[in-house]
Amino acid sequence: MKKTILITAIFLGAIAITKNSNAQVKVGVNINIGSQPVWGPVGYDYVDYYYLPDIDAYYYVPSRQFVYLSNGRWIFATSLPVAYRHYDLYSGYKVVVNEPKPYLHANVFRERYARYKGKKGDQVCIRHDNGNHNGWDKHEGKHGHGKKD
């Protein structure tokens, strides 16, 4: 009788442990507020990419790199090409895109966000630009154009 009770107790304990382990829930929260650029729009806890419809380029927040098309190839660089040296990152419209490699579907984004091209000053930036430096970041010492990585 004792053996039967012991075996039953072990069996019920094993079932309880198994059910408990199946009931566990994983919760993951991604926050990258501190790594978003100061010219990014306020109100987002997490951002993968910004699409910049004015210049048809992207900014990849995790690696702090611009992604733009040049001679049929996607270039990843810490700054924009010289052709966009006067582009104002603070006033240009930024579209938040949280999906992997959106530049591989560039035509979709061009069409979807064409109405935002040329929209200036409609977003509040994380840190306000006084308008005197066209995207120059005093803390990072960069202008928004220049060398490739």
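Let me sum up the structure you'll find in this document. (Residues numbered from 1 in each chain as written. Predicted model: local features only at pLDDT ≥ 70, side-chain atom pairs only at ≥ 80, totals over all residues. Heavy atoms only, no water.)

## A few points about the overall build of the protein
Link 1 in the chain: Broken down by element type, the protein carries two helices and five strands.
Link 2 in the chain: Along the protein, from the amino end to the carboxyl end, the secondary structure elements read α-β-β-β-β-β-α.
Link 3 in the chain: In the protein, buried positions account for 36% of the 149 residues.
Link 4 in the chain: Long-range pairs, those at least 24 residues apart, make up 61% of the contacts in the protein with a sequence separation of at least 6. (Helix = DSSP H or I, 4+ residues; strand = E, 2+ residues; numbered from the N terminus. Buried < 20%, exposed > 50% of the residue type's maximum accessible area, 1.4 Å probe, protein only. Contact = heavy atoms within 4.5 Å.)

## Topic: the pairing of strand β3 (residues 65-70)
Link 1 in the chain: Two strands pair when backbone bridges link them, and strand β2 (residues 57-60) and β3 are joined in this way by three bridges, in the antiparallel orientation. Each bridged residue has a counterpart across the sheet, and for Y60 the counterpart in β3 is Q65.
Link 2 in the chain: Here β2 folds back onto β3 in antiparallel fashion, the turn holding four residues, of which R64 has a positive phi close to 55°.
Link 3 in the chain: Bridge count between β3 and strand β4 (residues 73-77): five bridges; the pairing is antiparallel. (Pairing = 2+ DSSP bridges.)

## What to know about the packing of aromatic side chains
Link 1 in the chain: One pass over the structure, following the stated rule, counts 17 aromatic pairs.
Link 2 in the chain: Aromatic side chains Y49 and Y103 sit 6.1 Å apart centroid to centroid with 65° between the ring planes, which places their arrangement in the edge-to-face category. Pair noted here: Y49 is in strand β1 (residues 49-52) and Y103 is in the loop between β5 (95-97) and α2 (106-112), with a separation of 54 residues, a long-range link.
Link 3 in the chain: Accessibility expressed as a relative area gives 4% for Y49, which makes it buried.
Link 4 in the chain: The exposure class of Y103 is buried, given its relative accessible area of 8%.
Link 5 in the chain: Taken together, a centroid distance of 6.1 Å and an interplanar angle of 20° make the contact between F109 and Y113 stacked. Assigned by exposure class, F109 and Y113 land together as buried.
Link 6 in the chain: Here the aromatic cluster, defined as three or more aromatic residues joined through ring pairs, consists of Y49, Y51, Y58, Y60, W74, F76, Y93, Y103, F109, Y113 and Y116.
Link 7 in the chain: Residue placement shows R112 over the ring face of F109; its charged tip is 5.3 Å from the ring centre. (Phe/Tyr/Trp six-rings, centres within 6.5 Å; stacked < 30°, edge-to-face > 60°. Lys NZ or Arg CZ within 6 Å of the ring centre and 35° of its normal.)

## Description of the pattern of salt bridges
Link 1 in the chain: Summed over all chains, the structure comprises one salt bridge.
Link 2 in the chain: Linking D56 and R110 is a salt bridge whose minimum nitrogen-to-oxygen distance equals 2.6 Å. Residue D56 is located in the loop between β1 and β2, and its partner R110 is located in helix α2; the two are separated by 54 residues in the primary sequence. (Salt bridge = Lys/Arg side-chain N within 4 Å of Asp/Glu carboxyl O.)

## A closer look at the side chain of K94
Link 1 in the chain: Here K94 shows up in the loop between β4 and β5.
Link 2 in the chain: Buried charge without a partner: K94 forms no salt bridge, and the closest opposite charge is D88, 7.1 Å away.
Link 3 in the chain: Polar side-chain contacts of K94 include one of 3.2 Å to the backbone oxygen of W39.
Link 4 in the chain: A distance of 3.1 Å separates a polar side-chain atom of K94 from the backbone oxygen of Y90. (Lys, Arg positive; Asp, Glu negative; His and termini not counted. Polar contact = N/O pair within 3.5 Å; in protein donor to acceptor, adjacent residues only side chain to side chain.)

## What about the sheet that holds β2?
Link 1 in the chain: Overall, antiparallel pairing links the five strands, which are arranged β4-β3-β2-β1-β5 in an open sheet. Pairing within the sheet leaves two strands with one partner each, and these edge strands are β4 and β5. With direction set aside, neighbouring strand axes in the sheet form an average angle of 30°. (Axes fitted to C-alpha atoms, helices over the stretch in contact; angles between N-to-C directions.)

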